[in-house]
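Listed below are the residues making up each chain.
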Amino acid sequence: MNAHEYMEEAYEVGENSVEGVRLIEQAIKAADADNDVEAGYEAREMLMDATYTLGMPKKQLLAFAWMIKQFEDKEIHIDEDDLMWKYKWVALSIVDFPEISKAQIDNLLEDMKQKYLGFQYSLKPYYKIRTMVAMSMGEPEEVLRLRAEWQSAKQDHMNDCAACETNDEVHFQFYHNDHQAAVTKGKPLVSGRQRCGEVPHLTNGMLALSFWALGNKEAAQERFERGYKLTKNQVEFLNTNADFILYLMASDQWQEAENLAATELKILPKSENKFRQFRLYAAVAVLLQAAKKRGLSMDVGMGLDEALQHAQEAANAFDTRNGNSFYQQQLAAQLAQYA
C-alpha cells in the first residue's frame, strides 16, 4: 500500500482513534520511503489532528518538528497560517506532560514567539498560551504578568474563535476562584451565542462548579445535564468530567457521581495526557474518600488507595518538573474541601 491508501484506510476507520493513528504512521513510513514529501506532510497533518485529540505528546511533537523543518527548508509549498495555527496546539498541550522539561517548553514557546514576530502576527495568542502554561505550572506571579500582556496585545486573524476566547477567560477566572466573574464571562456560552467543536464542552464543568458556589443550583444542574451529553466517553474532555464528579459530590448526587466516575475511568487508558489523568484520578480519589467517610458503598472500578496513588504519582511528576508543590497542594485542597 502507498501513503494515500493508508490515509484513506485511516479515514474509513476513524483517524482520531488508536487504529487510525497506526494507519497514519504507516502512511508516513510509506511516504518517507518514497521520498514523497507532500504525502508525508499530509499524513503528519492527520497525525497532528489525531494526537491532539487522543493526547499523544511524543508523536505530536515528532510530527510537528518534521513539518517545521520542511517549512524552513521550503521544499514544498506550506500554508504558513495553518502551520502557525497548529503551533498553538502544540505549545498549549506540551505542558500537560511532565516528561517534557521546563527548558524544552520555554524553547518551543520562544521559537513560536520568534516565528510569530517574523510573520508580523499579533503576539496575543502567544501571551495567552504563556498565561495558561504559567497557570498549569503553578506560577501565580507569572500568570498576572503574562495576563496583562495577553489583554493588551492587539487581535488579528491568528486569534482563536470567540467561543475559545470566552472559554479561556472563564478558565482564568475559575483558576482564581472568582466564580462570579467566571459565570459572567461565560454568559455567551450559556446562552448558546458562542460555541465551537470544543466549547462549551471544555467550559461546562467549571461553570457548574461556579454556579453551585454562587448558590444557583438550577443553573449548575443545567450545565451538568447539558454538558455531560457533550463530553461523556470523550477522552479529550476527561478534565471537564473530573469537574462534573466534583459538582455531583457537592450537590449530593452520589449515584450519578459513581456512574460517571466508573464510565470515564474505562476510557482513561486511551489517553497519554498526564494532566487529564491527574484530574480524573484526583476527582475519583476525592469521591471515594468522601463516600467512605459517609459510609457509602461505591464501585467505580478501582479503590481509594489505587486512585490516590495514581493521583499522587502524577502530582509528584508535575511538581518535580515545575520545581514547586502546586499539584500536591491542589490534590490536598480538594481532598480537604470535599471531606
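Residues numbered from 1 in each chain as written. Predicted model: local features only at pLDDT ≥ 70, side-chain atom pairs only at ≥ 80, totals over all residues. Heavy atoms only, no water.

*Asks:* Honestly, the pattern of salt bridges in this entry has me stumped. Any pointers?
*Replies:* In a structure, side chains of opposite charge can pair up when their charged atoms sit close to one another. Under the defined criterion, the tally for this structure stands at 18 salt bridges. Its salt-bridge partner being Glu19, residue Arg22 comes within 2.8 Å of it at the nearest N-O pair. Of this pair, Arg22 and Glu19 are both found in helix α2 (residues 18-33), three residues apart, which corresponds to roughly one turn of the helix. Given the relative accessible area of 40%, Arg22 is considered partly exposed. For Glu19, a relative accessible area of 35% puts it in the partly exposed group. With its nearest N and O atoms 3.2 Å apart, the salt bridge here joins Glu165 to Lys128. Here the residue Glu165 occupies a position in helix α9 (residues 162-175), and Lys128 occupies one in helix α7 (residues 124-136), the gap between them amounting to 37 residues. Accessibility expressed as a relative area gives 18% for Glu165, which makes it buried. Residue classification places Lys128 among the buried residues on the basis of a relative accessible area of 4%. Here the salt bridges share partners, and the residues they tie into one network are Lys88, Lys128, Asp160, Glu165 and Asp168. (Salt bridge = Lys/Arg side-chain N within 4 Å of Asp/Glu carboxyl O. Helix = DSSP H or I, 4+ residues; strand = E, 2+ residues; numbered from the N terminus. Buried < 20%, exposed > 50% of the residue type's maximum accessible area, 1.4 Å probe, protein only.)

*Asks:* Help me understand helix α14 (residues 238-250), please; the structure alone is not making it clear to me.
*Replies:* Along its 13 residues, α14 runs 19 Å from first to last C-alpha, staying within 8% of the 18 Å computed at 1.5 Å per residue. Among the residues making up α14, those that are buried are Leu238, Asn239, Thr240, Asn241, Ala242, Asp243, Phe244, Ile245, Leu246, Tyr247, Leu248 and Met249. Looking at the buried residues of α14, the elements they touch are α12 (204-213), α13 (217-231), α15 (254-267), α16 (274-293) and α18 (326-337). (Expected span 1.5 Å × (residues − 1). Contact = heavy atoms within 4.5 Å.)

*Asks:* I tried to follow the nonpolar core on my own but got confused; where do I start?
*Replies:* In a soluble, globular protein the nonpolar side chains are often hidden away together inside. Membership of the largest hydrophobic core comes to 115 residues, with the highest contact counts inside it found for Leu83, Val284, Leu287 and Val300. Ranked by residues supplied to this core, first place goes to α16 with 13 residues. In this view, Leu83 contacts Tyr41, Phe64, Met67, Ile68, Phe71 and Ile78; residues no more than four positions away in its chain are not counted. (Core = buried A, V, L, I, M, F, W, Y, C linked by side-chain atoms within 4.5 Å.)

*Asks:* What is the right way to read α16 from this model?
*Replies:* Working note: α-helix, 3.6 residues per turn, so residues spaced by three or four point in the same direction. The end-to-end C-alpha separation of α16 is 28 Å, in line with the 28 Å expected for 20 residues at 1.5 Å each. Summarising burial for α16: 17 of the 20 residues are buried, a large majority. The N-cap residue of α16 is Asn273: its side-chain oxygen and the backbone nitrogen of Phe275 are 3.0 Å apart. (Polar contact = N/O pair within 3.5 Å; in protein donor to acceptor, adjacent residues only side chain to side chain.)

*Asks:* It is not clear to me how the environment of Ala153 should be interpreted in this structure. Could you clarify?
*Replies:* Secondary-structure assignment places Ala153 in the loop between α8 (140-152) and α9. C-alpha of Ala153 to C-alpha of Met137: the two residues are 16 residues apart in sequence and 23 Å apart in space. Aside from chain neighbours lying at most four places away, what touches Ala153 is Ser122, Leu123 and Lys124.

*Asks:* Whenever I open this one, the state of the cysteines confuses me. Can you help?
*Replies:* Should the sulfur atoms of two cysteines be covalently bonded, the bond is a disulfide. Tallying each qualifying case throughout the model produces zero disulfides. Unpaired in this structure, Cys161 has its nearest cysteine sulfur neighbour in Cys164, at a distance of 3.6 Å. (Disulfide = S-S within 2.5 Å.)

*Asks:* Teacher, can you tell me more about the packing of aromatic side chains here?
*Replies:* Aromatic rings considered in pairs are described by the distance between their centres and by the relative angle of their planes. Going through the model one piece at a time under the given rule, you end up with 18 aromatic pairs. Both rings, one in Phe119 and one in Tyr121, keep their centres 5.5 Å apart while their planes meet at 40°; by these two values the pair is tilted. Centre to centre, the rings of Phe275 and Tyr327 are 6.5 Å apart; their planes meet at 85°, and the pair counts as edge-to-face. In this pair, Phe275 sits in helix α16 while Tyr327 sits in helix α18, placing the two residues 52 residues apart along the sequence. The exposure classification of Phe275 matches that of Tyr327, with both residues buried. Taken together through their ring pairs, the aromatic side chains of Tyr175, Phe275, Phe278, Phe318, Phe326 and Tyr327 make up a single cluster. Between the NZ or CZ atom of Arg147 and the centre of the ring of Phe172, over which it lies, the distance is 4.0 Å. (Phe/Tyr/Trp six-rings, centres within 6.5 Å; stacked < 30°, edge-to-face > 60°. Lys NZ or Arg CZ within 6 Å of the ring centre and 35° of its normal.)

*Asks:* How do you make sense of the environment of Leu260 when you look at a structure like this?
*Replies:* Its location among the elements puts Leu260 in helix α15. Ignoring any residue separated from it by four or fewer positions in sequence, one finds Leu260 in contact with Phe224, Tyr228, Asn241, Phe244, Ile245 and Leu248.

Read these as geometric descriptors, not functional statements.
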